[in-house]
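Below, each chain spelled out in residue letters.
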Amino acid sequence: MIFKNLFLIFLLSIISSCSSIPLNSTDNQKRILGKFSFFSSTDYLSGKLMLSKDENISQLKLSISGVPRSFLITEYKNADSFNYKYNFNESLDVSPVKSLIENISISKLIFWLLIKCDLEDCKPFLNGNISIKKKEFFKNGKIKKVVGKSDNYQFALILKS
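Residues numbered from 1 in each chain as written. Predicted model: local features only at pLDDT ≥ 70, side-chain atom pairs only at ≥ 80, totals over all residues. Heavy atoms only, no water.

**What to know about the state of the cysteines**
Phase 1: Tallied over the entire structure, the rule returns 1 disulfide.
Phase 2: Covalently, Cys 117 is tied to Cys 122 through a disulfide, its sulfur atoms 1.8 Å apart. Across the S-S bond of Cys 117 and Cys 122 the torsion is about 85°, and the bridge reads as right-handed. Here Cys 117 matches Cys 122 in class, with each residue buried. (Disulfide = S-S within 2.5 Å. Buried < 20%, exposed > 50% of the residue type's maximum accessible area, 1.4 Å probe, protein only.)

Given below as structure tokens:
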């Protein structure tokens, strides 16, 4: 019994020490957290989002209000193109969201969000029928609010400082 307890304590200490070691250096990784709303005259979605970028992989995680699971969109860069992987449930009609993400590119959006500017010299993000504008900043200069539109949909992002 004593050996079993010592073994369990030893095992737990190894697990806890290994879990406290970061697997990747977060110096290369950029992460943006916030809330979103995506709406048209007939549809409305809102919830939390997390954008992250690390080397050739960018991800968008959506936690939609009222839906028990999160949705993850992963963008892989291959040469000059992007490939996408989704974990959306096929019963949900998320074609407007998929279309929007593929037209914007998660990595390009993160890069644009991290560009320092003030409201007078901020250039909008324009790509085809998508336009996104920076609307508000925190006192530390980081972006606070972004609004945009695509086809019949409009969206807003409120980001954490």
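**Observations regarding the pattern of salt bridges**
Phase 1: Overall, the coordinates contain 1 salt bridge when judged by the stated rule.
Phase 2: Between Glu 136 and Lys 144 there is a salt bridge whose closest N-O contact spans 3.9 Å. (Salt bridge = Lys/Arg side-chain N within 4 Å of Asp/Glu carboxyl O.)

**A few points about the pairing of strand S5 (residues 81–86)**
Phase 1: The pairing of strand S4 (residues 71–78) with S5 spans 6 bridges and is antiparallel. Residue pairing across strands places Asn 78 opposite Ser 81, the latter belonging to S5.
Phase 2: In sequence, S4 turns back onto S5 through a hairpin of 2 residues, with Ala 79 there showing a positive phi of about 55°. (Pairing = 2+ DSSP bridges. Helix = DSSP H or I, 4+ residues; strand = E, 2+ residues; numbered from the N terminus.)

**Focus on the packing of aromatic side chains**
Phase 1: Within this structure, the stated rule accounts for 5 aromatic pairs.
Phase 2: Here the aromatic residues Phe 38, Tyr 153 and Phe 155 are joined through ring pairs into a cluster of three or more.
Phase 3: A cation over an aromatic ring shows up here: Lys 134 above the ring of Trp 112, its NZ or CZ 4.8 Å from the ring centre. (Phe/Tyr/Trp six-rings, centres within 6.5 Å; stacked < 30°, edge-to-face > 60°. Lys NZ or Arg CZ within 6 Å of the ring centre and 35° of its normal.)

**Brief notes about the side chain of Ser 58**
Phase 1: Looking at the element boundaries, Ser 58 is found in strand S3 (residues 57–64).
Phase 2: Aside from chain neighbours lying at most four places away, what touches Ser 58 is Ser 52, Lys 53, Ile 73, Thr 74, Glu 75, Ile 106 and Ser 107. (Contact = heavy atoms within 4.5 Å.)

**Description of the nonpolar core**
Phase 1: Judged by nonpolar contacts, the single largest core of 27 residues is most densely connected at Leu 51, Leu 60, Leu 113, Ile 132 and Val 146.
Phase 2: Sorting elements by how many residues they give to this core places helix H3 (residues 106–114) first, with 5 residues.
Phase 3: Once residues lying within four places of it in the same chain are set aside, the contact partners of Leu 51 are Lys 30, Arg 31, Ile 32, Gln 59, Leu 60, Ile 106, Leu 109, Ile 110 and Leu 113. (Core = buried A, V, L, I, M, F, W, Y, C linked by side-chain atoms within 4.5 Å.)

**Quick word on the sheet that holds S5**
Phase 1: Strand order across the open sheet formed by 9 strands is S5-S4-S3-S2-S1-S9-S8-S7-S6, with antiparallel pairing between neighbours. Of all strands in the sheet, those with a lone pairing partner are S5 and strand S6 (125–127), marking the two edges. Strand-to-strand twist across the sheet, computed as the mean angle between neighbouring axes with direction ignored, equals 20°.
Phase 2: Two strands pair when backbone bridges link them, and S3 and S4 are joined in this way by 6 bridges, in the antiparallel orientation. Among the inter-strand pairings, Lys 61 is bridged to a residue of S4, identified as Leu 72.
Phase 3: In the packing of H3 onto the sheet, the strands contacted are strand S1 (30–39), strand S2 (44–54), S3, S4, S5, S6, strand S7 (130–137), strand S8 (143–150) and strand S9 (153–159), and the crossing angle to S2 comes to about 85°. (Axes fitted to C-alpha atoms, helices over the stretch in contact; angles between N-to-C directions.)

**Re the confidence of the model for the protein chain**
Phase 1: When pLDDT is averaged along the protein chain, the result is 77; 76% of the residues meet or exceed 70.
Phase 2: Within the protein chain, the element-level pLDDT minimum falls on helix H1 (residues 2–19), averaging 42, and the maximum on S9, averaging 92.
Phase 3: Across residues 1–27, confidence stays below pLDDT 50; counting only partners more than four residues off in sequence or on other chains, it has 1 contact. (pLDDT = per-residue confidence, 0-100.)

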